[in-house]
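# What the coordinates show
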Amino acid sequence: MKSQESKTISRRGFIGTSSIVLGGFSVVPSHAVAGLGHLAPSDKLHIAGIGIGGMGRVDLEDVAKTENIVALCDVDWNESVSKVFSTYPKAKKYKDFRIMLDEQKDIEAVIVATPDHTHALISMEAMRRGKHVYTEKPLTHTVYEARMLTEAARKYKVSTQMGNQGQASDASRRIQEMIWDGVIGPIQEVHVWTDRPNRGLADTYWPQGVRRPQDTPPVPESLDWDLFTGPAPLRPYHSDYHPFRWRGWLDFGTGALGDIGCHSFDTVFRALKLKYPTSIQAVSTLVNDETYPLGSIVTYDFPAREDMPPLRLTWYDGGLRPPRLPDMGDDVQLGAGGVLYVGSKGKILGNRILPDSLNESYQKPEPYLPSSPGHRMEWILACKGGDPAGSNYEWAGPLTETVLLGNIALRPELREKLSFQSLSFDPEKLSFPNMPEADQFIHYKYREGWVL
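Anyway, here's the lowdown on the structure attached to this text.

Rules used in this analysis
- Residues numbered from 1 in each chain as written.
- Predicted model: local features only at pLDDT ≥ 70, side-chain atom pairs only at ≥ 80, totals over all residues.
- Heavy atoms only, no water.
- Helix = DSSP H or I, 4+ residues; strand = E, 2+ residues; numbered from the N terminus.
- Pairing = 2+ DSSP bridges.
- Axes fitted to C-alpha atoms, helices over the stretch in contact; angles between N-to-C directions.
- Buried < 20%, exposed > 50% of the residue type's maximum accessible area, 1.4 Å probe, protein only.
- Arc of directions from axis to C-beta.
- Contact = heavy atoms within 4.5 Å.
- Salt bridge = Lys/Arg side-chain N within 4 Å of Asp/Glu carboxyl O.
- Core = buried A, V, L, I, M, F, W, Y, C linked by side-chain atoms within 4.5 Å.
- Phe/Tyr/Trp six-rings, centres within 6.5 Å; stacked < 30°, edge-to-face > 60°.
- Expected span 1.5 Å × (residues − 1).
- Polar contact = N/O pair within 3.5 Å; in protein donor to acceptor, adjacent residues only side chain to side chain.
- Parallel < 35°, antiparallel > 145°, perpendicular 65-115°, else oblique.
- Left-handed = near helix turned anticlockwise from the far one by under 90°.
- Nonpolar A, V, L, I, M, F, W, Y, C, P; charged D, E, K, R; others polar.

## Remarks on unusual backbone geometry
In this structure, Pro197 follows Arg196 across a cis peptide bond, with omega equal to 10 degrees. Relative to the helices and strands, Pro197 resides in the loop between β11 (187–193) and α8 (225–229). Of note, the bond from His242 into Pro243 is cis; its omega dihedral lies within 30 degrees of zero at 5 degrees. Mapped onto the elements of the fold, Pro243 is located in the loop between α8 and α9 (255–272). A positive phi angle is found at Lys273, which is not glycine, with a value near 55 degrees. Mapped onto the fold, Lys273 is located in the loop between α9 and β12 (279–284). Unusually for a residue other than glycine, Leu430 sits at a positive phi of about 50 degrees. With respect to the secondary-structure elements, Leu430 resides in the segment after β18 (423–424).

## A look at the sheet that holds strand β5 (residues 46–50)
The strand order β7-β6-β5-β8-β9-β10 describes an open sheet built from six strands, whose pairing is parallel. What marks the edges here is a single partner per strand, and that holds for β7 (92–94) and β10 (160–163). Within this sheet the neighbouring strands show an average axis-to-axis angle of 20 degrees, counted without direction. By the bridge criterion, five bridges tie β5 to strand β6 (residues 68–73) in an arrangement that is parallel. If you follow His46 over to β6, its bridge partner there is Asn68.

## Some remarks on helix α2 (residues 55–63)
The complete set of buried residues in α2 reads Gly56, Asp59, Leu60 and Val63. Taken end-on, α2 shows its buried residues confined to a sector of 100 degrees, consistent with a single buried face. Among the structural elements, β5, β6, α3 (79–87), β8 (109–112), β9 (132–136) and α11 (375–383) are those in contact with the buried residues of α2.

## So, the pattern of salt bridges
As enumerated under the stated definition, the model contains 30 salt bridges in all. Its salt-bridge partner being Asp59, residue Arg376 comes within 2.8 Å of it at the nearest N-O pair. Here the residue Arg376 occupies a position in helix α11, and Asp59 occupies one in helix α2, the gap between them amounting to 317 residues. A salt bridge links Arg247 to Asp259; the shortest N-O distance between them is 3.4 Å. Here Asp259 lies in helix α9 and Arg247 lies in the loop between α8 and α9, a separation of twelve residues in the sequence. Residue classification places Arg247 among the buried positions, given a relative accessible area of 8%. Here the salt bridges share partners, and the residues they tie into one network are Asp116, Lys137, Arg196, Arg247 and Asp259.

## Considering the nonpolar core
Counting residues in each nonpolar core, the largest one holds 91 residues, and the members touching the most others are Val190, Phe265, Leu272, Leu313 and Tyr341. Those residues within four positions of Tyr341 in sequence are excluded, and the remaining contacts are Ile175, Ile179, Ile184, Ile187, Glu189, Val190, Thr267, Val268, Leu272, Gly346, Lys347 and Ile348. Ranked by size, the runner-up nonpolar core spans 18 residues in total, among them Leu72, Ala91, Tyr134 and Ile380.

## Describing the environment of Ile187
Take Ile187: it is sitting in strand β11. Expressed as a C-alpha distance, the spacing of Ile187 and Arg312, which sit 125 residues apart in the sequence, is 9.2 Å. Once residues within four sequence positions are removed from consideration, Ile187 is found in contact with Ile179, Leu272, Pro309, Pro310, Leu311, Tyr341, Val342 and Gly343.

## A look at the environment of Ala232
The residue Ala232 is located in the loop between α8 and α9 in this model. Sequence separation of Ala232 and Lys445 is 213 residues, and the distance between their C-alpha atoms is 8.6 Å. When near neighbours in sequence (up to four residues on either side) are disregarded, Ala232 contacts His117, Asp251, Phe252, Tyr444 and Arg447.

## With respect to the packing of aromatic side chains
This structure, assessed with the given rule, holds 20 aromatic pairs. Plain terms: the ring middles of Tyr205 and Trp206 are 6.2 Å apart, the flat faces sit at 40 degrees to each other, and that makes the pair tilted. Judged by relative accessible area, Trp206 falls into the buried class, the value being 0%. Ring geometry for Tyr241 against Trp249: centres 5.0 Å apart, planes inclined by 85 degrees, an arrangement best described as edge-to-face. For Trp249, a relative accessible area of 0% gives the class buried.

## Here's the deal with the sheet that holds strand β15 (residues 338–343)
Strand order in this open sheet of eight strands is β17-β16-β15-β11-β14-β13-β12-β18, and the pairing throughout is mixed. Of all strands in the sheet, those with a lone pairing partner are β17 (352–354) and β18, marking the two edges. Relative to strand β14 (residues 311–316), β11 is paired through five bridges, and the arrangement is parallel. Paired with Val192 across the two strands is Trp315, which belongs to β14.

## Thoughts on helix α12 (residues 393–409)
Helical periodicity: at 3.6 residues per turn, an α-helix aligns residues three or four positions apart in one direction. Compared with an ideal rise of 1.5 Å per residue, which puts 17 residues at 24 Å, α12 spans 24 Å between its outermost C-alpha atoms and is within 8% of the ideal. In terms of burial, α12 is a largely internal element, 15 of the 17 residues being buried. Looking at where α12 begins, the residue whose side-chain oxygen comes 2.9 Å from the main-chain nitrogen of Glu394 is Asn392.

## Details of the packing of helix α5 (residues 119–128) against helix α6 (residues 143–156)
Across the interface, α5 lies against α6 with an axial gap of 10 Å and an inter-helix angle of 15 degrees. As summarised for this structure, α5 and α6 are arranged roughly parallel, according to the angle between their axes. As for how α5 packs across α6, the hand of that crossing is left-handed. On α6, the residues that touch Ala120, Ser123, Met124, Met127 and Arg128 of α5 are Glu145, Met148, Leu149, Ala152, Ala153 and Tyr156. Here the residues of the contact of α5 with α6 sort into eight nonpolar, one polar and two charged.

Encoded structure:
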């Protein structure tokens, strides 16, 4: 740390030399704080938001508590986005992220909350310019993109975080501690489910299992449809794609698995020390070449790890879920979404140990995994010279790859073969040894003018 005689010190020099570690996370010391717990203006990150009408708005609200929002970018300046503009009147406004990154030199970090198919392109362009990046989940649209972002973050030495906020929760830490304590014995089976894209029994959040709309309504004046389409093949605008309803379309989103998998798999991966599966299987409702199926079941097989046996992880969506097991009493509800760990001595559903007799006799360990300062704050502190955020790309990249491997197993072009066999995966070669024709879905050719 520099001496007291130093009257001036650069912001980057300060945060690189005077952060301290508390509970596993670096924090800015008290002498950097001015007023009622706020960082001095000179210590605030200059952050740009890209994709600000949905989850991006929530991300900005959180980081704006301590940092400066200096730029806002969205391809659609609709009513929702206009409200965000008015919230940060000093921030410069853009439609094209490339122009923003080229022209505005004061940006130090960006939040990417666009549709899935543009996550990788925007995050990569920001990292090439030395910007720290927070990218909403899933990290990318393809397995290849996830691998490339992981390697790029390492190369450019920037601080990163994926937006799977649950990883920062104390509940996740307590489950990890119980599993490592052996409360339910060795675990060889985990079930994860969501009702999405369904919303209850008679509605959906977004369309899946449908064909492309045939009518061609006019593009809203507020929207740059070419920029929205980005690297995907150009198609006529329709409200079935935007806003928000893009998630179920193969060209734009990653379906229910991409939406929820990076949330629900995270604790499972941490507790059971998972990385890449050796094989994937999938079954589903009717498939087509436009959208993900309305419901699917995807099974991942993982090898033995350290002192843990081989594991089978099964995913269910569209309202499908695992069957009730014999020791589940009538008061045990699976719900619209959840995680069930099955061990040799018992089960954990959510944070509840089953059977009840095991729960009553078990003495939980004293909590020892340190609490997070908050998911987005982890990233902020990392940007200021602290420890890597909990879901930085080194962690989030392989997690995202696994999630997206399930979507490859659901591809309509492979369904007939995959109805009778599993899809083996070689993570080193990034390929499928037993079905080379599946390799084409590791990535896709971008539309002319777009490169990673």
